[in-house]
Amino acid sequence: MYPVPVAGVRELLVTSGSTMAAAEVARQMSEGARNLSLSGHVGFDSMPDQLVNKSVCQGFCFNILCVGETGLGKSTLMDTLFNTRFEGDPAAHNQPGVHIKSNNYELQESNVRLKLSIVNSVGFGDQINKEESYKSIVEFIDAQFEAYLQEELKIKRTLHNYHDSRIHVCLYFIAPTGHSLKSLDLVTMKKLDSKVNIIPIIAKADSISKNELQKFKIKIMSELVSNGVQIYQFPTDDETVAEINGTMNAHLPFAVVGSTEEIKIGNKMMKARQYPWGTVQVENENHCDFVKLREMLIRVNMEDLREQTHARHYELYRRCKLEEMGFKDTDPDNKPFSLQETYEAKRNEFLGELQKKEEEMRQMFVMRVKEKESELKEAEKELHDKFDRLKKLHQDEKKKLEDKKKSLDDEINAFKQRKTAAELLQSQAQQSGSQQTLKRDKERKNNPWLCTE
């Protein structure tokens, strides 16, 4: 009898079933085989425990987007949901548009750590023109998807310790008007339903009566369906939560009341809102749906919200983005495309477009050079004509100057001649005068009587 390995024992037990007793197997193993002592249970049924330990060690992240008009109690509800006071600077509501403000917190419950991000749409609905109020929200959600996609497309990825900032759930706060949804609410939810899990909630539900609240819920759901707005439905495919999720889907939208103040009611301290006519207990299901929202959002469906964000909304964004980049799964013949083939096809297409653009640019360059040459020739011709005109003008001016110079020379010569003649006459006059003086002097000498006279 040969020794049977441990793996063989498991296979032998499975194939033989109950026909072979455990004692017989032990006897066969003991004959000619060494005994093995196991330090613990051997089996792959410990895999869930390993995954739980690993997940608990890494921690979890959850990102909530709060969308709603100013004054609907978004911050108060977040504090009430997680039973803490989140520190943060108060938002200024003097912005010209909608401003997205994100705050990150680290919470711990027992030995489980949660990285929580609360994103507020500051100034939503405060503007006179509300047509583009949703754009900054959509851009913010797309920016988180793009950041994750860029990290995913890197050669050296670090997704295991990457801080996932994708929005997992959008709590859309509806004003308790009791009539119908505003156009702003319908447009915004329609723009967001393909990008995030939307859970509509009626804020400050204690300001509306119970009968009006039920009619308001029915009105809201009918308007959402008629306008094609897809809100998040709690999953019913898991048997463990199918019943409670199916029941809670009928309560949407949740009518909630938030409060961080504790009031003593009976012998217990409870979160409540005190009014002159009575007290509204936040955690009393007869007063509001806060407990239902907390159960569905945190205790039952938090992981499903994370999975839906990755498997549905992010995958839709990723597919559209890759299709824009030219990547496809199948060719025109519906045959599968490998990534290498898609890359090569896109590269060849890009090179073809590059060569085409290069040729167009070359032709455009040649055409512009020719246009420039013709412009330069025209400018050169104009310069030559101008030069000829200036040269002719110069020659005319030069001739005029030469004529003036000649006339001036003639005048100078005539002046010199007149001057010479004048000087000659003057010298002759002086000479004649000197001769007469000498003659007179001589006569006086000869005739002394002339001197006395």
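The structure under discussion appears in the preceding block.
Below: a short report on this structure.

The rules behind each value
Within each chain, residues carry numbers counting from 1 in the order of the written sequence. With the structure being a predicted model, the display of local features is reserved for residues of pLDDT at least 70 and the display and counting of side-chain atom pairs for 80 or more, all residues being used for whole-chain, interface and lining totals. Calculated side-chain values reflect all of the structure's heavy atoms, with hydrogen atoms and water omitted. In this text, helices come from DSSP runs of H or I with a minimum length of four residues, and strands from runs of E with a minimum of two, each type numbered from the N-terminal end. The classification of residues rests on relative accessible area computed with a 1.4 Å probe and restricted to protein chains. Under 20% of the type maximum is buried, over 50% is exposed, and intermediate values are partly exposed. Note on contacts: a residue pair is in contact if any heavy atoms of the two residues lie within 4.5 Å. Pairing between strands requires that DSSP locate at least two bridges from one strand to the other. All axes here are fitted lines through C-alpha atoms, helices being fitted over the stretch that makes contact, and every angle between N-to-C directions spans 0 to 180 degrees. Only one rule defines a salt bridge in this text: a Lys or Arg side-chain nitrogen within 4 Å of an Asp or Glu carboxyl oxygen. Excluding any residue in a salt bridge, patches collect residues exceeding 30% relative accessible area, merging like charges within 9 Å and nonpolar Val, Leu, Ile, Met, Phe, Trp and Tyr side chains within 5 Å. The accessible surface values rely on the Shrake-Rupley method and a 1.4 Å probe; as for residues, cover is taken only from the protein chains in view. Aromatic rings from Phe, Tyr and Trp, with only the six-membered ring used for Trp, were paired whenever their centres fell within 6.5 Å, and each pair was classed as stacked if the ring planes differed by under 30 degrees, edge-to-face if by over 60, and tilted otherwise. Counted charges follow a simple rule, with Lys and Arg positive, Asp and Glu negative, and His plus the chain ends left uncounted. By convention, the charge on Lys lies at NZ, on Arg at CZ, on Asp at CG and on Glu at CD. Polar contact criterion, stated in full: a pair of N or O atoms within 3.5 Å, where within protein one must be able to donate a hydrogen and the other to accept it, and residues adjacent in sequence count only if both atoms are side-chain atoms. In these notes, a set of buried Ala, Val, Leu, Ile, Met, Phe, Trp, Tyr and Cys residues joined through side-chain atoms within 4.5 Å is what counts as a nonpolar core. Note that the arc is defined by the directions from the helix axis to the C-beta atoms. An angle below 35 degrees is read as roughly parallel, one above 145 as roughly antiparallel, one from 65 to 115 as roughly perpendicular, and any other as oblique. Classification convention: Asp, Glu, Lys, Arg as charged; Ala, Val, Leu, Ile, Met, Phe, Trp, Tyr, Cys, Pro as nonpolar; all other residues, Gly among them, as polar.

Looking now at the overall build of the chain. Each helix and strand counted, the chain has twelve helices and nine strands in total. The 453 residues of the chain split such that 30% are buried. Pairs at least 24 residues apart make up 67% of the contacts formed inside the chain by residues separated by at least 6 positions.

Moving on to the sheet that holds strand S3 (residues 112–122). The six strands are arranged S2-S3-S1-S4-S5-S6 in an open sheet whose pairing can be described as mixed. Single-partner strands in this sheet number two, and they are strand S2 (99–109) and strand S6 (254–255). Sheet topology places S2 next to S3; eleven bridges connect them, and they run antiparallel. The residue bridging Lys101 from the neighbouring strand is Asn120, located in S3.

Ordered by their spatial adjacency, three strands build an open sheet running S7-S8-S9, and the pairing between neighbours is antiparallel. Single-partner strands in this sheet number two, and they are strand S7 (262–265) and strand S9 (278–281). If you compare each strand with its neighbour and ignore which way they point, the axes differ by 65° on average. Summarising the sheet, S7 and strand S8 (residues 268–275) pair through four bridges and their orientation is antiparallel. Considered in S8, the bridge of Glu262 is made with Lys271.

A word on the pattern of salt bridges. Enumeration over the complete set of coordinates arrives at 19 salt bridges. Between Lys135 and Glu132 there is a salt bridge whose closest N-O contact spans 3.5 Å. You can call Lys135 partly exposed: its relative accessible area is 35%.

Another point: a nonpolar patch on the surface. A surface patch of nonpolar side chains, about 370 Å² in accessible area, is lined by Phe44, Met47 and Leu51. Here Met47 shows up in helix H3 (residues 47–58). What makes Met47 partly exposed here is its relative accessible area of 42%.

Attention now moves to the packing of aromatic side chains. Enumeration over the complete set of coordinates arrives at ten aromatic pairs. Ring centres 6.4 Å apart and planes at 85° place the aromatic pair Phe124 and Tyr172 in the edge-to-face group. With a gap of 48 residues between them, Phe124 in the loop between S3 and helix H5 (135–152) and Tyr172 in strand S4 (residues 169–174) connect regions that are remote in the sequence. For Tyr172, a relative accessible area of 0% puts it in the buried group. Seen in terms of ring centroids, Phe234 and Phe254 are 6.0 Å apart; in terms of plane orientation they differ by 25°. Their pairing is stacked. Of this pair, Phe234 sits in the loop between helix H7 (210–226) and helix H8 (239–249) while Phe254 sits in strand S6, and the two are 20 residues apart along the sequence. Exposure remark for Phe234: the relative accessible area of 3% places this residue in the buried category. Aromatic rings pair up to connect Phe145, Tyr148, Tyr162, Tyr314 and Tyr317 into one cluster.

Moving on, we get to unusual backbone geometry. Here the bond from Leu252 into Pro253 is cis, since omega is -5°, no more than 30 degrees from zero. Backbone geometry places Asn83, a non-glycine residue, at a positive phi of 55°. Considering the arrangement of structural elements, one finds Asn83 in the loop between helix H4 (74–81) and S2.

Moving on: a negative patch on the surface. A contiguous patch of negative charge, built from Glu378, Glu382, Asp385 and Asp388, is present on the exposed surface. For Glu382, the position within the fold is in helix H11 (residues 339–446).

Right, let's get into the side chain of Thr80. Structurally, Thr80 can be placed in helix H4. Taking relative accessible area as the criterion, Thr80 reaches 2% and is therefore assigned buried. There is a polar contact of 3.1 Å between the side chain of Thr80 and the backbone nitrogen of Ser259.

Turning next to the nonpolar core. Grouped together as the largest cluster of nonpolar side chains are 73 residues, with contacts concentrated most on Leu171, Ile199 and Phe254. Per element, the largest residue contribution to this core is seven residues, and it comes from H5.

Hairpin geometry of S7 and S8 is characterised by an intervening segment of two residues between the two adjacent antiparallel strands and by a positive phi of about 70° at Gly266. With four bridges joining them, S8 and S9 adopt antiparallel strand pairing. By the bridge assignment for S9, Tyr275 is matched with Gly278. What sits between the antiparallel neighbours S8 and S9 is a turn of two residues.

This part is about H8. Three or more residues of H8 are buried, namely Val241, Asn245, Met248 and Asn249. Buried residues of H8, seen end-on, are gathered within an arc of 95° and therefore sit on one face of the element. Facing away from the buried side of H8 by over 90 degrees, the exposed positions are Glu239 and Glu243. Along its buried surface, H8 packs onto S6 and helix H9 (290–300).

All right, on to the packing of H5 against helix H10 (residues 302–324) then. Relative to each other, H5 and H10 sit at 80°, their axes nearing to 10 Å. Accordingly, the angle class assigned to the pair H5 and H10 is roughly perpendicular. From H5, Asp142, Phe145, Glu146, Tyr148, Leu149 and Glu152 reach across to H10, where they touch Thr309, His310, His313, Tyr314, Tyr317, Arg318 and Lys321. Looking at side-chain class alone, the contact of H5 with H10 contains five nonpolar, three polar and five charged residues.

A few words on the pairing of strand S1 (residues 60–67). Burial analysis of S1 places seven of its eight residues in the buried class, which makes it a mostly covered element. Pairing of S1 with S3, which is carried by seven bridges, proceeds in the parallel orientation. Residue pairing across strands places Phe62 opposite Leu116, the latter belonging to S3. Pairing geometry for S1 and S4, over four bridges, is parallel. Each residue of the ladder has a partner; that of Ile64, found in S4, is Val169.

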